[in-house]
Amino acid sequence: METLEPLLRKHPFLSGLSDEEIRFLAGCAANRRFAPGELLFREGEEASAFYLLREGRVALEVNVPGSGPFQLQSCGEGEVVGWSWLFPPYRWQLDARAVGAVAALAFDGRCLREKMEQDHDLGYALAKLMLYEVYQRLLNVRLQRLDLYRSEP
Amino acid sequence: MNAVAAGPWAPTPLPIRGVTRETRDTFTFALDAPADGFRFAPGQFNMLYVFGVGEVPISVSGDPARPERLLHTVRAVGAVTRAMCALRRGKTIGVRGPFGHGWPLDEARGRDVLVVAGGLGLAPLRPAIYHLLRHRERYGRVAILYGARSPDEVLYRAELERWCARREVEARVIVDRAGPGWAGPVGVVPSLLARVEMSGGSTVAMVCGPEVMMRFTVRDLERLGVASERIFVSIERDMKCGLGLCGHCQLGPLFVCKDGPVLRYDRLAELIHLREV
Amino acid sequence: MVQIGERVVVEREHLTDLLAALRAEGHRLIGPTVRDGAIVHAEIQGVEDLPAGWASEQEAGTYRLRRRDDGALFGYAAGSQSWKQSFFAPAARLWHGRLEGGKFLVLDEDRAPPRLALVGARACDLAALAIHDRIFLGERHVDPDYAARRGGAFVVAVQCGTPGGTCFCVSMGTGPRARHGFDLALTELLEGRHRFVVEVGSEAGAALLGRVAHVPADDGDARDADAVVEAAAGRMGRALRAEGVRDVLLRNLEHPRWDEVAGRCLACANCTLVCPTCFCATVEDTTDLAGAEAERVRRWDSCFTLDHSHLHGGPVRTSIKSRYRQWLTHKLATWIDQFGMSGCVGCGRCITWCPVGIDLTEEVAAIRAGTDSKEVL
């Protein structure tokens, strides 16, 4: 039987984990494909998955009535998308749209939360990886906000 | 000869008593109300007409306990509002209204009240704030949280400073960006929620601002345990009549002019996340 | 005098007197007449203007007149116009005003709305008028222009004997028999003598009949008249399963069919123009050159225009998909939430007059087909 372990092992986000930990997590994972323009998730819906992007790019957007979807940021191959599955009320805060065709490993959110509770060492290891991602992204968002390239002072 | 009166379509011309410049592009107009006063519920709006130019829906932003003066805060963004913002004392603005459902001030009695405003969204909430302050004993804890783009764009700044200084309400102002003269918090309004002392369970929240800001704020309110049947937002849509007759303001089954503009969030929860509805 | 609900027979040659009596009472007759290759509603002078011997052939995106082999006066199916424009005027001045020294005055409208007599309204059209009565007269704010025009109107309905290729009033429960909303209802009988079985719907109708030669309808006449309408009910060109349609549409707002129809829809707004229940409007402001006099005119509008949902610099409904979806979900679903009744009367005009032949009965069936047997999201 083909498992997802080889794909999981290859993904940069999980590169710090042991084979055993990867095997434990694989039970929560599924291979997903999205067509260009398809939404991975929509603001307001139940947040149930954590996505590791393998191929393609995902746009994180917010919809503004009267001006349409506004792209805040994009995530690409090797990156991860979706944090709202971690905390109640488990509802997506943004829209995520596949820009081209996207291949991703999707972790069932509840399954992942439960595994992290069950095995605290693994839970801590994953939490550190996630925290680092979020820390990086926060710095980047701050930089993005500075609007450094605008022409007026 | 039958004279067909215009009925609910005809504006009442009211003279401008005074114009206050709030920010670079936002003005508050004080109109002389008709003899017996202009009564309205906080959260309601009027259709304001500029002679020969057009009509726009603008929330009433004054004190409901002072019906002799009718206040509207207007930002100059389109043809009608730009023409309006050029008018001065002595000129006339046509008024039709008040229309719509206002803030749930009766329903909130006995409960903690959380007022969250962003940008121009403070204007439709100001009448509710006046009411809450005037009838303070009817409510539990009252908190007023306001976010603006920058210190220059803070609305009703002097009034806000007075509210921040009062002890019986907790008022905080936050700006997205600030220069060296600003000593207050910098960031987004939802971040103020964590610092407010509020019991989630029975709190009534009234939120007004750009739609995205309201959506993010509501998300955080829900996380703090505020029930979606006790969260109220004020929605904007294109309006041509304010009477439920022109069809423009529809949002799903709702006519924003008569079912809103203040709407209970649980009624909106599904609609507000759909695109292009 | 004849009682409400009673039926009489009026010979073809006396129909002239009926219309003349209406004109004598000061009504302007609005009825069907042939113009520019179609049967339209216009001011008519008498029976001579009616489309005698004309029928229409209608299909999706198709309308043609053809000659009948008899002289039927009402032997055609619904044309492009209903009676919407007689009461909900395409352009109506709301009020006008004058500027004097920075202050302005709202001046009284000084007009006498014409008293109309509608000749030839079908059950679907009457159902549509009842819907507009609810919207313009029966909600919180009454529209004065509509009220004034509607108040003086006399309605001569026709019990439909000639449904068209796109009709589905039976599915919507609005016809082919008209049961109320008329002063007189005519059923045209062509076998033997050309005559009309006339049902009295109001005191005004009874009074008018007093000025026209008539005899009571016997059982045979009544049977013949009923048979005409029954036959019409069996000749619908389309069908739409109305039961549960509201939920089906509102639970499938992301159904792929919306994208599919958006690929065909031109957002030309024809459907909203011909639809007898569409009521969206906009208001236009005009002034004279000096800027001293201004008026506000209400005009028909359509949710298919980009402007319709303008908010903060752009439309909320930008894509054609979202605008078609808005129109159809309003018509068949949210209208029910708003007014307690469907917005569709099954007249089929939107199907006939769509330049690309979009058929809402087909669209609804397609969305249902993917959802009937399983749980819908």
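Residues numbered from 1 in each chain as written. Chains lettered and ligands numbered in written order. Predicted model: local features only at pLDDT ≥ 70, side-chain atom pairs only at ≥ 80, totals over all residues.

Caption draft 1: Highlighting the overall build of chain C. The helix and strand inventory of chain C stands at 13 helices and 16 strands. Its C-alpha radius of gyration of 22 Å places chain C within 12% of the 21 Å reference for a compact globule of 377 residues. Each of the three principal axes of chain C carries a C-alpha extent, and together these read 65 × 65 × 35 Å. Taking all 377 residues of chain C together, 49% fall into the buried category. Of all intrachain contacts in chain C linking residues separated by at least 6 positions in sequence, the fraction that spans at least 24 positions is 72%. (Helix = DSSP H or I, 4+ residues; strand = E, 2+ residues; numbered from the N terminus. Rg over C-alpha atoms; globule rule 2.2 N^0.38 Å. Buried ≥ 20, exposed ≤ 12 C-beta atoms within 10 Å, placed from the backbone. Contact = placed C-beta atoms within 7 Å.)

Caption draft 2: Just the environment of valine 19 of chain B, in detail. All names here are of chain B. Checked against the element boundaries, valine 19 lands in strand β1 (residues 12-21). The exposure class assigned to valine 19 is partly exposed, which follows from the 17 C-beta atoms found within 10 Å. When the C-alpha positions of valine 19 and threonine 217 are compared, they lie 32 Å apart, and in sequence the two are 198 residues distant. Leaving out residues up to four positions away in the same chain, valine 19 has contacts with Phe27, Phe29, Arg88 and Arg89.

Caption draft 3: Up close: the interface of chain B and chain C. With 37 residues of chain B at the contact, the number on the chain C side is 47 residues. Those elements that provide at least two residues to the side of chain B that touches chain C are β1 and β4 (54-59) of chain B. Here the residues of the side of chain B that touches chain C are counted per class, giving 18 nonpolar, 11 polar and 8 charged. (Nonpolar A, V, L, I, M, F, W, Y, C, P; charged D, E, K, R; others polar.)

Caption draft 4: Just the interface of chain A and chain B, in detail. Facing the 11 residues of chain A at the interface are 8 residues of chain B. Looking at the side of chain A that touches chain B residue by residue, the classes come out as 5 nonpolar, 3 polar and 3 charged.

Caption draft 5: Spatial organisation of the sheet that holds strand β6 (residues 92-99) of chain B. Residues and elements named next belong to chain B. With antiparallel pairing, 6 strands are arranged side by side in an open sheet as β4-β3-β6-β1-β2-β5. Here the strands that pair on one side only, and so sit at the sheet edges, are β4 and β5 (69-75). Within this sheet the neighbouring strands show an average axis-to-axis angle of 40°, counted without direction. With 6 bridges connecting them, strand β3 (residues 45-50) and β4 associate as antiparallel partners. Its bridge partner lying in β4, tyrosine 49 is registered against glutamate 55. (Pairing = 2+ DSSP bridges. Axes fitted to C-alpha atoms, helices over the stretch in contact; angles between N-to-C directions.)

Caption draft 6: Fine view of the domain arrangement of chain C. All names here are of chain C. Annotation of chain C at the domain level lists domain 1 (7-84 + 113-233) and domain 2 (245-278 + 302-369). Distance between the C-alpha centres of domain 1 and domain 2: 28 Å. Each side of the interface is counted separately: domain 1 has 25 residues, and domain 2 has 22 residues. Ranked by residue count, the leading element in the side of domain 1 that touches domain 2 is helix α3 (residues 123-137), at 8 residues. When grouped by side-chain class, the residues that make up the side of domain 1 that touches domain 2 number 12 nonpolar, 10 polar and 3 charged. (Domains from an automatic or database assignment.)

Caption draft 7: The arrangement of the pairing of strand β7 (residues 103-107) of chain C in detail. Residues and elements named next belong to chain C. What you see with β7 is a clean split: Phe104 and Val106 sit on the buried side and Lys103, Leu105 and Leu107 on the side with no burial. Inspection of the sheet shows strand β6 (residues 91-100) paired to β7 by 5 bridges, in the antiparallel sense. Of the residues in β7, the one forming a bridge with arginine 98 is leucine 105. Hairpin connection from β6 to β7: 2 residues lie between these consecutive antiparallel strands, with glycine 101 at a positive phi of about 60°.

Caption draft 8: Spotlight on the packing of helix α3 (residues 109-118) of chain A against helix α4 (residues 120-145) of chain A. Residues and elements named next belong to chain A. Between α3 and α4, the shortest axis-to-axis distance is 5 Å and the interhelical angle comes to 120°. Here α3 lies oblique to α4, going by the angle between them. Where α3 abuts α4, its residues Lys115, Met116 and Glu117 lie against Leu122, Gly123 and Leu126. Classifying every residue of the contact of α3 with α4 gives 3 nonpolar, 1 polar and 2 charged. (Parallel < 35°, antiparallel > 145°, perpendicular 65-115°, else oblique.)

Caption draft 9: Quick peek at the sheet that holds strand β4 (residues 58-64) of chain A. All names here are of chain A. Here 4 strands make up an open sheet; going across it, the order is β2-β7-β4-β5 and the pairing antiparallel. Single-partner strands in this sheet number two, and they are β2 (39-41) and β5 (68-75). This sheet shows a mean twist of 35° between the axes of neighbouring strands, independent of strand direction. Of the pairings in the sheet, the one linking β2 to strand β7 (residues 95-98) comprises 2 bridges and is antiparallel in character. Among the inter-strand pairings, phenylalanine 41 is bridged to a residue of β7, identified as alanine 96.

Caption draft 10: Summary view of the environment of serine 202 of chain C. Of note, serine 202 of chain C is situated in the loop between β11 (195-200) and α6 (203-209). Leaving out residues up to four positions away in the same chain, serine 202 of chain C has contacts with Ile4 and Asp183 of chain C.

Caption draft 11: Inspection of the confidence of the model for chain C at higher detail. Per-residue confidence for chain C gives a mean pLDDT of 95; residues scoring 70 or more make up 98%. The complex model carries a pTM of 0.91, and its ipTM stands at 0.94. (pLDDT = per-residue confidence, 0-100.)

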